[in-house]
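These are the residues of each chain, in order.
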Amino acid sequence: MAHMQWKNETSITKFILLGFGNLNEVQILLFVLFLVIYILTMAGNLLMVTLVVADQQLHTPMYFFLGNLSFLETCYTSVISPRLLAGFLVGDRAISFRDCITQLFFFGGLASIECFLLAVMAYDRYLAICNPLTYKVMMNVKICLLLVSASWMTGFSNSALVVGLVPQLNFCGPNEINNLFCDMEELLKLSCAKSPLVEMIILVSCSLVALVPFLFIIVSYVLILFAILRITSSAGRQKAFSTCASHLLVVSLYYGTLIIMYMGPSAERSSDFHKALSLMYTVVTPMFNPIIYSLRNQEVKGAFRKVVMRNLGMI
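Worth saying up front: this structure is predicted, and the values here are computed from it rather than measured.

## With respect to the sheet that holds strand 3 (residues 176–177)
Now for step 1: Pairing in this open sheet of 3 strands is mixed, and the strands run 2-1-3 from one edge to the other. Here the strands that pair on one side only, and so sit at the sheet edges, are strand 2 (94–96) and strand 3.
Now for step 2: Across 2 bridges, the pairing between strand 1 (residues 14–17) and strand 3 is parallel. Across the sheet, Ile-16 pairs through a bridge with Glu-176, a residue of strand 3.

## Observations concerning the pattern of salt bridges
Now for step 1: Counted by the stated rule, this structure contains 3 salt bridges.
Now for step 2: With a closest N to O distance of 3.7 Å, Asp-99 and Arg-83 form a salt bridge. Placement of Asp-99 in helix 4 (residues 97–130) and of Arg-83 in helix 3 (residues 61–90) is noted, with a sequence separation of 16 residues between them.
Now for step 3: Classification of Arg-83 by relative accessible area gives partly exposed; the value is 32%.
Now for step 4: Between Arg-125 and Asp-124 there is a salt bridge, and its shortest N-O distance comes to 2.9 Å. Both residues of the pair, Arg-125 and Asp-124, count as buried.

## A word on a nonpolar patch on the surface
Now for step 1: Taken together, the side chains of Leu-215, Ile-218, Val-219, Val-222, Leu-223, Leu-225, Phe-226 and Leu-229 present a nonpolar region at the surface, about 720 Å² in accessible area.
Now for step 2: Relative to the helices and strands, Val-219 is located in helix 8 (residues 196–229).

## Some thoughts on the side chain of Glu-186
Now for step 1: Among the secondary structure elements, Glu-186 is positioned in helix 7 (residues 184–190).
Now for step 2: A residue is classified by how much of its surface remains accessible, and Glu-186, at 8% relative accessible area, is buried.

## Remarks on the state of the cysteines
Now for step 1: This model, assessed by the stated rule, comprises 1 disulfide.
Now for step 2: A sulfur-sulfur separation of 2.1 Å characterises the disulfide bridge that pairs Cys-100 with Cys-182. Because the torsion about its S-S bond is -130°, the bridge between Cys-100 and Cys-182 counts as left-handed. In this pair, Cys-100 sits in helix 4 while Cys-182 sits in the loop between strand 3 and helix 7, placing the two residues 82 residues apart along the sequence. The exposure classification of Cys-100 matches that of Cys-182, with both residues buried.
Now for step 3: With no disulfide of its own, Cys-244 lies 8.6 Å from the sulfur of Cys-130, the closest cysteine sulfur.

## So, the side chain of Glu-73
Now for step 1: Mapped onto the elements, Glu-73 comes out in helix 3.
Now for step 2: Within the buried core, Glu-73 has no salt-bridge partner, and the shortest N-O distance to an opposite charge, that of Arg-125, equals 17 Å.

## Things to note about the nonpolar core
Now for step 1: Ranked by internal contacts, the top residues of the largest apolar core, which has 67 residues, are Phe-34, Tyr-76, Leu-118, Ile-217, Tyr-254, Tyr-255 and Tyr-281.
Now for step 2: When contributions to this core are tallied by element, the ones reaching two or more residues are helix 2 (27–54), helix 3, helix 4, helix 6 (141–164), helix 8, helix 9 (234–263), helix 10 (271–295) and helix 11 (298–311).
Now for step 3: Sorting elements by how many residues they give to this core places helix 4 first, with 14 residues.
Now for step 4: In this structure, Ile-217 is in contact with Leu-118, Ala-119, Ala-122, Val-251 and Tyr-255, ignoring residues within four places of it in sequence.

## A short note on the environment of Pro-213
Now for step 1: Residue position: Pro-213 is located in helix 8.
Now for step 2: We classify Pro-213 as buried; its relative accessible area is 3%.
Now for step 3: For the pair Pro-213 and Phe-241, spaced 28 residues apart in sequence, the C-alpha separation works out to 21 Å.
Now for step 4: Not counting the four nearest positions on each side in its chain, Pro-213 is found in contact with Cys-115, Phe-116, Ala-119, Leu-208 and Tyr-255.

## Focus: helix 6
Now for step 1: In this model helix 6 runs 34 Å from its N-terminal to its C-terminal C-alpha over 24 residues, within 8% of the 34 Å that 1.5 Å per residue would give.
Now for step 2: All buried positions along helix 6 are accounted for by Cys-144, Val-148, Ser-151, Trp-152, Gly-155, Asn-158, Ser-159, Val-162 and Val-163.
Now for step 3: Where the residues of helix 6 are buried, they touch helix 3, helix 4, helix 7 and helix 8.
Now for step 4: The distance from a side-chain oxygen at the start of helix 6 to the backbone nitrogen of Lys-142 is 3.1 Å, and the residue carrying that oxygen is Asn-140.

## Considerations on the environment of Phe-107
Now for step 1: Relative to the assigned elements, Phe-107 resides in helix 4.
Now for step 2: We classify Phe-107 as buried; its relative accessible area is 6%.
Now for step 3: Through-space distance from the C-alpha of Phe-107 to that of Ile-80 is 7.9 Å; in sequence the pair is 27 residues apart.
Now for step 4: Ignoring anything within four residues of it in the chain, the contact list for Phe-107 reads Tyr-76, Val-79, Ile-80, Phe-181, Asp-183, Tyr-281 and Thr-282.

Reading the values: rules and limits
- Residues numbered from 1 in each chain as written.
- Predicted model: local features only at pLDDT ≥ 70, side-chain atom pairs only at ≥ 80, totals over all residues.
- Heavy atoms only, no water.
- Pairing = 2+ DSSP bridges.
- Helix = DSSP H or I, 4+ residues; strand = E, 2+ residues; numbered from the N terminus.
- Salt bridge = Lys/Arg side-chain N within 4 Å of Asp/Glu carboxyl O.
- Buried < 20%, exposed > 50% of the residue type's maximum accessible area, 1.4 Å probe, protein only.
- Patch = residues over 30% accessible without salt bridge, like charges linked within 9 Å, V, L, I, M, F, W, Y side chains within 5 Å.
- Areas by Shrake-Rupley, 256 points an atom, 1.4 Å probe, with all protein chains shown as cover.
- Disulfide = S-S within 2.5 Å.
- Lys, Arg positive; Asp, Glu negative; His and termini not counted.
- Core = buried A, V, L, I, M, F, W, Y, C linked by side-chain atoms within 4.5 Å.
- Contact = heavy atoms within 4.5 Å.
- Expected span 1.5 Å × (residues − 1).
- Polar contact = N/O pair within 3.5 Å; in protein donor to acceptor, adjacent residues only side chain to side chain.

The following block contains the structure:
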């Protein structure tokens, strides 16, 4: 019945993802570039998940959340990259209506979950620095599992709500999505019959999912900053700040791109700039996250060395 209702309300059976199709002379080069990025993203994030699971010293709340974030990044980039690579290689940029909605659901859900996980990680750092004596009690295994489960369920529930409103829109042409993937903003532009109520619900839902965790992160780090400033020794302040630096950088990359993309003046942005920003937070940022978290992290480096030595039979 739902399928019949869908067909009655739209005459479009597929969309065309324009992507970078106008750059015909460099399609193979783009394919190789993004294939390398995809491989590095998968390898880096899966390695992080493996280290968190395999090394006993990383069985702490901070690394448990980091392992979840790394697993999410492998899913996140896999929703976008394979079809993007196929478009570069064979030039087929068509996507069926059903596949478009499926991609939109998983993309929106995983993006929402990332917002919640980043907020959970900020809360973890707040408890560790501002309430160190009660940290282990307040961030026990049960609480960690509850926070992660709530993040995943809330993220996908919000995505289901938003995607569930798409059948209320009417698509009669054109069918060209001027982006690299199925994006709600582009779908709203293609809708023939505008529905202010549906658009308002989508806007409010997406804004809450992005802004509430962001404000929570800001408040957490303001409190963390005050706590760090109260530490008398410079070594203590540096140690406390170093545990937050990686997370702050990841948050800045992710939310900075989103803010420029969705809150900047749209009239001043070219479509290619919009696509470049889309690439930044869907493809490039997931590659950098494991690098950022491991670059100056001695525990992660130590865990990596132990895994390598164990596989070589040296320990």
